[in-house]
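Structural overview for review
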Amino acid sequence: MVQQFSRIAVKVGSNVLTRRDGTLDVTRMSALVDQIAELHKTGVEIILVSSGAVASGRSEVHSAKKLDSVDQRQLFSAVGQAKLINRYYELFREHGIAVGQVLTMKENFATRRHYLNQKNCMTVMLENGVIPIVNENDTISVSELMFTDNDELSGLIASMMGAQALIILSNIDGIYNGSPADPTSEVIREIGQGKDLSSYIQTSKSSFGRGGMLTKTNIARKVADEGITVIIANGKRDNILVDLIQHPESTLCTRFIPSAEPVSSVKKWIAHSEGFAKGELHINYCATELLFSDKAVSILPVGITDVIGEFEKDDIVRIVDFGGKPIGVGKANCDSTQAREAMGKHGKKPVVHYDYLYIE
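Residues numbered from 1 in each chain as written. Predicted model: local features only at pLDDT ≥ 70, side-chain atom pairs only at ≥ 80, totals over all residues. Heavy atoms only, no water.

Considering helix 7 (residues 213-225)
Relative to the 18 Å expected for 13 residues at 1.5 Å per residue, helix 7 spans 18 Å between its end C-alpha atoms, a close match to the ideal helical length. Among the residues of helix 7, those classed as buried are Met-213, Thr-215, Lys-216, Thr-217, Ile-219, Ala-220, Lys-222, Val-223 and Ala-224. Turning to helix 7, the residues buried within the fold contact helix 6 (150-160), strand 5 (165-170), strand 7 (229-234), strand 8 (254-256), helix 9 (265-271) and strand 13 (357-359). In the stretch just after helix 7, Gly-227 is the one whose phi turns positive, near 90°. (Helix = DSSP H or I, 4+ residues; strand = E, 2+ residues; numbered from the N terminus. Expected span 1.5 Å × (residues − 1). Buried < 20%, exposed > 50% of the residue type's maximum accessible area, 1.4 Å probe, protein only. Contact = heavy atoms within 4.5 Å.)

Listed below in structure tokens is the structure:
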């Protein structure tokens, strides 16, 4: 059996790891660990992005007073994360596999230095046969800087680590062409690039997670555009992970077809960093037209009509077209003061170089 992937990221949602009463489903967790261990032994490198800390802590702590949602999340995740990683540690140890905990947050992806530091940490783990188990650090994440949920985090991790596939395990079999509750609806098996799915997607969220199907498809699309296969499947089905890798044709799931053109690692980082933009560059009609042409174009001062916000060199800035619509993000080649001074002038160096520009 030829393995099609040598490195994958697997995201396990809280709705896969949680029972109806909100506590951790250890049986399911154990079954998933068995599958990951089986793949690991065939030489596949696996990065596990696991939810479940809050669910894991919920059953341990019974607070005397009513807590607001932030306090509750921080308390449950602090207690639950220790319990969750300990459970994983014990389960993987039975297979003779070491695991390491990586707690991260959105700010860690905001600067290239932090990003590369994080990448290096996980690369060293994989090189030494250790499975990284990643989760958001809910105890110190500020709500406005939180990931929409672990789907977004897993997309960033898959992209950062150069995984060939991202498998998102949820509690349904994939993306349906209607409501999953409707018996006539069927799972869409393959989604090509540029296919509009808005009419199919329901906006309801899963009971324990923060992200619905809409988040999943938006992230899947972005990651697939970077050349990574994305699969959405049902984590509660027996042997699902092994089946997806070893019997891809006959296993029920939705597969996003990856772009054939590889993307540089810097562009991957920039593609996922729109949430960290420190300022905006507004460009004129000509510059907008050029960006959407087939040419490799940088953003030159002559095409800039306005510079909004204060930013330093190497900060992420949002690119806004002549109609006021955000069209991309890029890494600034100078600070906001220099950009304002050069604005509208010919013969100046690019404010955002093509190599550091991501147009959506």
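As for the packing of helix 5 (residues 112-127) against helix 6
Helix-helix packing is characterised by the crossing angle of the two axes and by the distance between the axes. Running from N to C, helix 5 and helix 6 point in directions that differ by 75°, and their axes come no closer than 10 Å. By the angle between their axes, helix 5 is roughly perpendicular relative to helix 6. Here helix 5 contributes Tyr-115, Gln-118, Lys-119 and Met-122 to the contact with helix 6, which in turn contributes Ile-157, Ser-159 and Met-160. (Axes fitted to C-alpha atoms, helices over the stretch in contact; angles between N-to-C directions. Parallel < 35°, antiparallel > 145°, perpendicular 65-115°, else oblique.)

Side note on the packing of aromatic side chains
The final tally for this structure, using the stated rule, is four aromatic pairs. Measuring from ring centre to ring centre gives 5.0 Å for Tyr-285 and Phe-322, while their planes differ by 75°; the resulting arrangement is edge-to-face. Linking Tyr-285 in helix 10 (residues 285-291) with Phe-322 in the loop between strand 11 (316-320) and strand 12 (326-331), this pair joins segments that are 37 residues apart in sequence. According to the relative accessible area criterion, Tyr-285 is partly exposed, its value standing at 47%. According to the relative accessible area criterion, Phe-322 is partly exposed, its value standing at 48%. Lys-267 extends its terminal NZ or CZ atom over the ring of Tyr-354, reaching a point 3.9 Å from the ring centre. The cationic tip of Lys-331 hangs over the ring face of Tyr-356; the distance from NZ or CZ to the ring centre is 4.5 Å. (Phe/Tyr/Trp six-rings, centres within 6.5 Å; stacked < 30°, edge-to-face > 60°. Lys NZ or Arg CZ within 6 Å of the ring centre and 35° of its normal.)

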